[in-house]
Amino acid sequence: MLREPAVAGRFYPQSKSDLIKQITSFLPKKIQKKDVVGAILPHAGYIYSGKVAVETACIIEPKKIFIVIGPNHSGIGENFSIQTKGKWLTPLGEVAIEEYLASELLKNSLLLKEDSLAHKFEHSIEVELPILQYFNTSFKFIPIAIMSSDTEKLKEFGNELAINLEKSGRIKDIVIIASSDMTHYEKHEEASKKDKVAIDAILSLDADLLVKNLTKLNITMCGWGPAIILLSYAKKIKANKTKLIKYQTSAAASGDYNSVVGYAGIIITR
């Protein structure tokens, strides 16, 4: 089964040459690779969030497997949706799902459900793939879409993921990507202040504090579920070093400071 691109030509260029040109334009002058176990990347149109995503992704040492966890914006499908078979197509080529590991995660999970429909039109995972492809000539991936708002289940899944990946013996080959944008459609100054509070909680690997601050300040971080999963996973495998690589809002591209979306690129290492 081949999943065709759902947002090529809208969120990122449809032609290979234009896509490569745009990604290249976001590259920093110096790149220092790190052995990253997890990262938070934004998933908006590249013109707005691409620079944050590229400057963060370029740091990640090439790995064999990426597990990309994104929020389910469509409202279609299961709360914890995994696709275990097939390939996804982007303008840079096909990316195959790591079918054996995906099937093992599904078999050993209390929460995951097989569900390709949840992924058919969802952009939060798709937009990460071309950027990962640019920096990784050969990798497989596992897509997981999250629609649950149950904090305890999200933390449970992060712990479960750590246990199952450690049992697989392949955890050193894997990077977890949590796909998320930050505050939506507020003034630049207010969005930046709110996002700093959320980012500080993420950098401290404190899932409960992140949820508390999101609720208290009404921070509209769409991928908070994937972020909670990543933080729980990181703590379980004792990865305790975090770094904010880049933060900016859509105003950097649009010039509109009255209604912005925030974007953060964060890495987690051991």
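Residues numbered from 1 in each chain as written. Predicted model: local features only at pLDDT ≥ 70, side-chain atom pairs only at ≥ 80, totals over all residues. Heavy atoms only, no water.

A.B. asks: Can you help me understand helix α9 (residues 207–217) in this one?
C.D. replies: For an α-helix, the turn length of 3.6 residues means that residues three or four places apart are oriented alike. Of all the residues in α9, the buried ones are A207, L210, V211, N213 and L214. Buried residues of α9, viewed axially, fall in a sector of 165°; they line one side. α9 presents K212, T215 and K216 as exposed residues on the side facing more than 90 degrees away from its buried surface. Buried residues along α9 sit against α7 (151–168), α8 (188–203) and α10 (224–236). The N-cap of α9, judged by a side-chain oxygen 3.3 Å from the amide nitrogen of D208 a few residues on, is D206. The positive-phi residue at the C-terminal boundary of α9 is N218, with phi of around 55°. (Buried < 20%, exposed > 50% of the residue type's maximum accessible area, 1.4 Å probe, protein only. Helix = DSSP H or I, 4+ residues; strand = E, 2+ residues; numbered from the N terminus. Arc of directions from axis to C-beta. Contact = heavy atoms within 4.5 Å. Polar contact = N/O pair within 3.5 Å; in protein donor to acceptor, adjacent residues only side chain to side chain.)

A.B. asks: I'm lost on the sheet that holds strand β1 (residues 2–3) in this one. Help?
C.D. replies: Through backbone hydrogen bonds, the strands of a sheet pair up, either in parallel or in antiparallel fashion. Across the sheet, three strands lie side by side as β1-β5-β6; this open sheet has mixed pairing. Taken across any chain shown, the strands that pair with only one partner, and hence form the sheet edges, are β1 and β6 (93–96). When β1 meets strand β5 (residues 87–90), the two strands line up parallel, connected through two bridges. Looking across to β5, one finds that L2 is bridged to K87. Against the sheet, helix α6 (residues 128–135) touches β5 and β6, its axis set at about 85° to β5. (Pairing = 2+ DSSP bridges. Axes fitted to C-alpha atoms, helices over the stretch in contact; angles between N-to-C directions.)

A.B. asks: Just to check I follow, could you spell out the nonpolar core for this structure?
C.D. replies: Nonpolar side chains in soluble globular proteins generally cluster together in the buried interior. Counting residues in each nonpolar core, the largest one holds 82 residues, and the members touching the most others are I67, F141, L165 and L210. Considering each element in turn, this core owes the most residues, seven residues, to α10. For F141, the residues in contact, after removing those within four places along its chain, are F66, V68, W88, V95, A96, I97, E98, I125 and L129. (Core = buried A, V, L, I, M, F, W, Y, C linked by side-chain atoms within 4.5 Å.)

A.B. asks: Explain the environment of Q133 to me, please; I cannot follow it from the model alone.
C.D. replies: Relative to the helices and strands, Q133 resides in helix α6. Put simply, Q133 and T90 are 43 residues apart on the chain and 9.2 Å apart in space, counted from C-alpha to C-alpha. Among all residues touching Q133, those that are not within four sequence positions of it are T90, L92, G93, E94, V95 and F139. A distance of 3.3 Å separates the side chain of Q133 from the backbone oxygen of G93, its partner in a polar contact.

A.B. asks: What should I look at first to understand α6 in this one?
C.D. replies: Here α6 lies mainly inside the structure; seven of its eight residues are buried. Buried within α6 are the following residues: E128, L129, P130, I131, L132, Q133 and F135.

A.B. asks: Looking at this model, I keep getting lost on the packing of aromatic side chains. Mind explaining?
C.D. replies: Per the counting criterion, the structure on display carries five aromatic pairs. With centroids separated by 5.2 Å and ring planes inclined at 80°, the aromatic side chains of F66 and F139 adopt a geometry described as edge-to-face. Taken together, the residues F66 in strand β3 (residues 65–71) and F139 in the loop between α6 and β8 (140–146) connect sequence positions 73 residues apart. Centroid distance Y134 to F135: 4.9 Å. Interplanar angle 80°. Geometry classified as edge-to-face. Judged by its relative accessible area of 14%, F135 falls in the buried class. Above the ring of W88, the side-chain terminus of R3 is found at 4.1 Å from the ring centroid. (Phe/Tyr/Trp six-rings, centres within 6.5 Å; stacked < 30°, edge-to-face > 60°. Lys NZ or Arg CZ within 6 Å of the ring centre and 35° of its normal.)

A.B. asks: What is the right way to look at the pattern of salt bridges in this model?
C.D. replies: Should their charged atoms come close, side chains of opposite charge can pair. Scanning the entire structure with this criterion turns up 12 salt bridges. Between K87 and E94 there is a salt bridge whose closest N-O contact spans 3.5 Å. With relative accessibility at 38%, the residue K87 sits in the partly exposed group. Looking at E94, the relative accessible area reads 46%, which means it is partly exposed. In this structure, D173 engages R170 in a salt bridge whose closest nitrogen and oxygen atoms are separated by 3.8 Å. A relative accessible area of 23% places D173 in the partly exposed class. What you see here is one network of salt bridges that share partners, running through E98, R170 and D173. (Salt bridge = Lys/Arg side-chain N within 4 Å of Asp/Glu carboxyl O.)

A.B. asks: Which parts of the structure should I look at to understand the pairing of strand β9 (residues 174–179)?
C.D. replies: The two faces of the sheet receive side chains in turn, since in a regular strand these alternate between them. Here β9 lies mainly inside the structure; six of its six residues are buried. Residues of β9 alternate between two faces, with I174, I176 and A178 on one and V175, I177 and S179 on the opposite face, all of them buried. Inspection of the sheet shows β3 paired to β9 by five bridges, in the parallel sense. Note that in β9 the partner of I67 across the bridge is I176.

A.B. asks: Which parts of the structure should I look at to understand a nonpolar patch on the surface?
C.D. replies: A contiguous nonpolar surface patch, about 280 Å² in accessible area, is contributed by I76, L117 and F121. Mapped onto the elements, L117 comes out in helix α4 (residues 117–120). (Patch = residues over 30% accessible without salt bridge, like charges linked within 9 Å, V, L, I, M, F, W, Y side chains within 5 Å. Areas by Shrake-Rupley, 256 points an atom, 1.4 Å probe, with all protein chains shown as cover.)

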